[in-house]
There are 2 protein chains.
Amino acid sequence: MTRIDLQIAKAGCSACPIRHRAICASCEPTELDQLSEIKSYRTWRAGETILMEGANLPFVGSVVSGCATLTRSMEDGRVQMVGLLLPSDFVGRHDRDTAAYEVVAATDVTFCLFRRDEFRHLLSTTPHLMERMLQMSLDELDAARDWMILLGRKTAREKVATLLANILRRAASAGHPLRAELPLTRDAMASYLGLTIETVSRQVTALRKEGIIEMQGHRGITCADLSALLTAAGDDEDGATVA
Amino acid sequence: MTRIDLQIAKAGCSACPIRHRAICASCEPTELDQLSEIKSYRTWRAGETILMEGANLPFVGSVVSGCATLTRSMEDGRVQMVGLLLPSDFVGRHDRDTAAYEVVAATDVTFCLFRRDEFRHLLSTTPHLMERMLQMSLDELDAARDWMILLGRKTAREKVATLLANILRRAASAGHPLRAELPLTRDAMASYLGLTIETVSRQVTALRKEGIIEMQGHRGITCADLSALLTAAGDDEDGATVA
DNA sequence: CGTGCACTTGATCTAAGTCAACCCCAGTGG
DNA sequence: CCACTGGGGTTGACTTAGATCAAGTGCACG
């Protein structure tokens, strides 16, 4: 257990940064206690594989901090990212005993984990939990379908702009509105967008040269005019399309 | 009400063709009665719009027979299909009052509909129903993510082969294994696959000329060797990837 | 002070898109 | 009965966005 883990474990659920957005969001105090009893924290370093595709799945859980990626791959090595896990996102199916995707830590990432069989039992006896689980699954399904229009119909420029806008938006909810540290390498971005690393690089450069974004090193990004970025993304200013 | 509707309504749930695969699959007889009380049937003709994106959503429900499509579109007219609704598939979010996608009848299609507010209430008081709903949502999420690898990484040939294989597989469960009537026009196929109509046409022709499939007119398809088709799809013989 | 890794940039290639013609067949109406 | 029309589908010629291949750059780390 790292230092971070201990901190959170001591503080308990009430001080948890994802308390009101995660799977536990609509739990009563007593239900929270039950969840608390079967939870444990674990942290992975950036780049570490958390789960292999097809591997045994003893745990399910939520991202507390950091970022992880969900990927599927074909036999010949082609890879497609199918999900980006940010704080409060849930991973793992309670009713499946193997993982359907590979899960990799994109940054250092800490999970709040539940033993799968115990979680399954709690789920079937706690309607609040089941309801929240359903709601989150449906939200994820909508997000996945939004991503399908990006993969199927958007240009490389629009893809990159969409991803950057999404990251800025999610980062904004936890700090300064127009500045973020990219949790993904160019490689991971390419995998998410259905592009090559070179194309991602070129499009980021193009957006920078046009003054739509500014970069601080390879990872830091600032956007003075989000609506310009959203226009480049091919979305309405109001458009959803959350990662 | 059409003749088909009356037939099913008279027969009741026990004779329903999707009884054991739909949202009601794990309901007890008494629960089924409750569902039965709030259900109604309705049929749309091929090509009719069932729901517009953003429209008010008074109903949720299951496809009983036929096929409908779920699409999202961008302001400039680009369209991406994000789901194919076949018998037993569920549509609509109980907790949202507007439709997130456009729903169009691909063939004549009959739905078993529930008033949304009544369904929501039943859901919250019937754990079996909630559990089944969650399971189906998670399955759909997996399917959506499988579709993402197709959209992001597969070639036109692989995309077309994958779609044909999926249709043949789902049709097979209700009849002859290697023969099906395509429920989609070339246009709808293109929309689903993130391709143009011309590319779909060329790839279908190519698969036919190579003897991997045979066509009876534009819609009838026969496949003597499914594993050859799956190889063209870039999947393992055993691979899942269900539409 | 290399060595390696993440990223960028440039030159070239190609799969799929675009544009345009055409086929086939089912209705429709003269 | 047949000409006309229109929608779905096919095919061909050409274009192009993004992939591929191949050098670089610049920074972090032993």
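Provided above is the structure to which this section pertains.
Treat the numbers as computed from the prediction; the structure is a model and nothing was measured. Residue indices follow the written sequence of each chain, beginning from 1 at its first position. Going through the entries in the order they are written, you letter the chains from A and number the ligands from 1. Given that the model is predicted, a residue must reach a pLDDT of at least 70 before its local features are reported, and side-chain atom pairs must reach 80 or more before they are shown or counted; all residues, however, enter totals for whole chains, interfaces and linings. Side-chain calculation: all heavy atoms of the structure are included, whereas hydrogens and water are not.

Participant: Please clarify how the overall build of chain A should be interpreted in this entry.
Facilitator: Strands are runs of DSSP state E lasting at least 2 residues, helices are runs of H or I lasting at least 4, and numbering of each runs from the N terminus. Regarding its fold elements, chain A presents eight helices and 11 strands. Exposure classes here rest on a 1.4 Å probe applied to the protein chains alone. A residue is buried below 20% of its type maximum, exposed above 50%, and partly exposed in between. Here chain A, with 243 residues, has 53% of them falling under the buried criterion.

Participant: Would you take a moment to explain the packing of helix H3 (residues 116–125) of chain A against helix H4 (residues 127–153) of chain A for this structure?
Facilitator: When two helices pack together, their arrangement is given by the angle between the helix axes and the distance between those axes. All names here are of chain A. Interhelical geometry of H3 versus H4 gives an angle of 105° and a closest axis separation of 5 Å. Overall, the two elements H3 and H4 adopt an arrangement that is roughly perpendicular. Of the residues in H4, those in contact with Phe 119, Leu 122, Leu 123, Ser 124 and Thr 125 of H3 are Pro 127, Leu 129, Met 130 and Met 133. Looking at the contact of H3 with H4, its residues break down into seven nonpolar, two polar and no charged. Angles run from 0 to 180 degrees between N-to-C directions of axes, and those axes are lines fitted to C-alpha atoms, restricted for helices to the stretch in contact. Roughly parallel covers angles under 35 degrees, roughly antiparallel covers those over 145, roughly perpendicular covers 65 to 115, and oblique covers all other angles. We call two residues in contact whenever any of their non-hydrogen atoms come within 4.5 Å of each other. Note on residue categories: nonpolar means Ala, Val, Leu, Ile, Met, Phe, Trp, Tyr, Cys or Pro, charged means Asp, Glu, Lys or Arg, and polar means any other residue, Gly included.

Participant: Got a minute to help me understand the interface of chain B and chain A in this structure?
Facilitator: When the parts come together, some accessible area is lost, and that loss is often what is quoted as the size of the interface. Counting residues at the interface gives 47 residues for chain B, matched by 47 residues for chain A. On the chain B side of the contact with chain A, Arg 145, Met 148 and Arg 153 of chain B bury the most area, a combined 18% of that side's loss. Put simply, a salt bridge is a Lys or Arg side-chain nitrogen that is within 4 Å of an Asp or Glu carboxyl oxygen. Residue Arg 78 of chain A pairs with Glu 158 of chain B through a salt bridge whose shortest N-O separation is 2.7 Å. We define a polar contact as two N or O atoms separated by no more than 3.5 Å, with the added condition that, inside protein, one atom must be a possible hydrogen donor and the other a possible acceptor, whereas residues neighbouring each other in sequence contribute only through side-chain atom pairs. Connecting chain B to chain A are 28 residue pairs in polar contact (both at pLDDT 80 or more). Considering every element that reaches the side of chain B that touches chain A, the biggest residue donor is helix H4 (residues 127–153) of chain B, with 21 residues. Here the side of chain B that touches chain A is built from residues that sort into 20 nonpolar, 10 polar and 17 charged. Put simply, buried area is how much 1.4 Å-probe accessible surface two parts lose in total, over both of them, once they are put together.

Participant: How should I be thinking about helix H6 (residues 186–193) of chain B in this particular structure?
Facilitator: Within an α-helix, residues lying three or four positions from one another point in the same direction, as the helix has 3.6 residues per turn. All names here are of chain B. The buried fraction of H6 amounts to seven of the eight residues, a majority that puts the element mostly inside the structure. All of the buried residues in H6 are Arg 186, Ala 188, Met 189, Ala 190, Ser 191, Tyr 192 and Leu 193. Downstream of H6 by a residue or two, Gly 194 has a phi angle that is positive, lying close to 70°.

Participant: Please explain the protein's contact with DNA strand C as it appears in this structure.
Facilitator: Here a residue is considered near a molecule or strand provided that any single heavy atom belonging to it is located within 4 Å of it. Around DNA strand C sit 17 residues in total, of which Arg 186 and Ser 201 of chain A together with Ala 156, Thr 199 and Arg 202 of chain B are the nearest. Looking at DNA strand C alone, sugar and phosphate atoms form 63% of those within 4 Å of the protein. Side-chain polar atom of Ser 201 of chain A to a phosphate oxygen of DNA strand C: 2.7 Å apart, as the coordinates give it. Within the contact set of DNA strand C, a phosphate oxygen lies 2.8 Å away from a backbone nitrogen or oxygen of Ala 156 of chain B. At the level of secondary structure, the elements contributing two or more residues to the surface near DNA strand C comprise helix H6 (186–193) and helix H7 (197–209) of chain A together with helix H7 (197–209) of chain B. Sorting elements by how many residues they give to the surface near DNA strand C places H7 of chain A first, with four residues. Here the surface near DNA strand C is built from residues that sort into two nonpolar, eight polar and seven charged.

Participant: So what exactly am I meant to see when it comes to the sheet that holds strand E5 (residues 79–85) of chain B here?
Facilitator: The strands that make up a sheet pair up through hydrogen bonds in the backbone, lying either parallel or antiparallel. All names here are of chain B. We treat two strands as partners when DSSP finds at least two bridges between them. With antiparallel pairing, the four strands of this open sheet are ordered in space as E2-E7-E4-E5. Strand pairing shows two members of the sheet lacking a second neighbour, strand E2 (49–51) and E5, which therefore form its edges. Across the sheet, the mean angle separating the axes of adjacent strands is 30° when strand polarity is ignored. By the bridge criterion, four bridges tie strand E4 (residues 68–73) to strand E7 (residues 102–105) in an arrangement that is antiparallel.

Participant: Please clarify how the pattern of salt bridges should be interpreted in this entry.
Facilitator: Side chains that carry opposite charge are capable of pairing whenever their charged atoms lie near each other. A full pass over the atoms with the stated rule returns 32 salt bridges over all chains. Here Asp 142 of chain B ties to Arg 96 of chain A by a salt bridge, and the two come within 3.5 Å at their closest N and O atoms. Within this pair, whereas Asp 142 of chain B is found in helix H4, its partner Arg 96 of chain A is found in the loop between strand E6 (90–91) and strand E7 (102–105), the two belonging to separate chains. Given a relative accessible area of 35%, Arg 96 of chain A falls into the partly exposed group. Between Asp 142 of chain A and Arg 93 of chain B there is a salt bridge, with its nearest N and O atoms 3.1 Å apart. Separated into two different chains, Asp 142 of chain A in helix H4 and Arg 93 of chain B in the loop between strand E6 (90–91) and E7 make up a pair that spans both. Since its relative accessible area comes to 15%, Asp 142 of chain A is described here as buried. Salt bridges sharing partners connect three or more residues here, namely Arg 93, Asp 95 and Arg 96 of chain A together with Asp 139 and Asp 142 of chain B.

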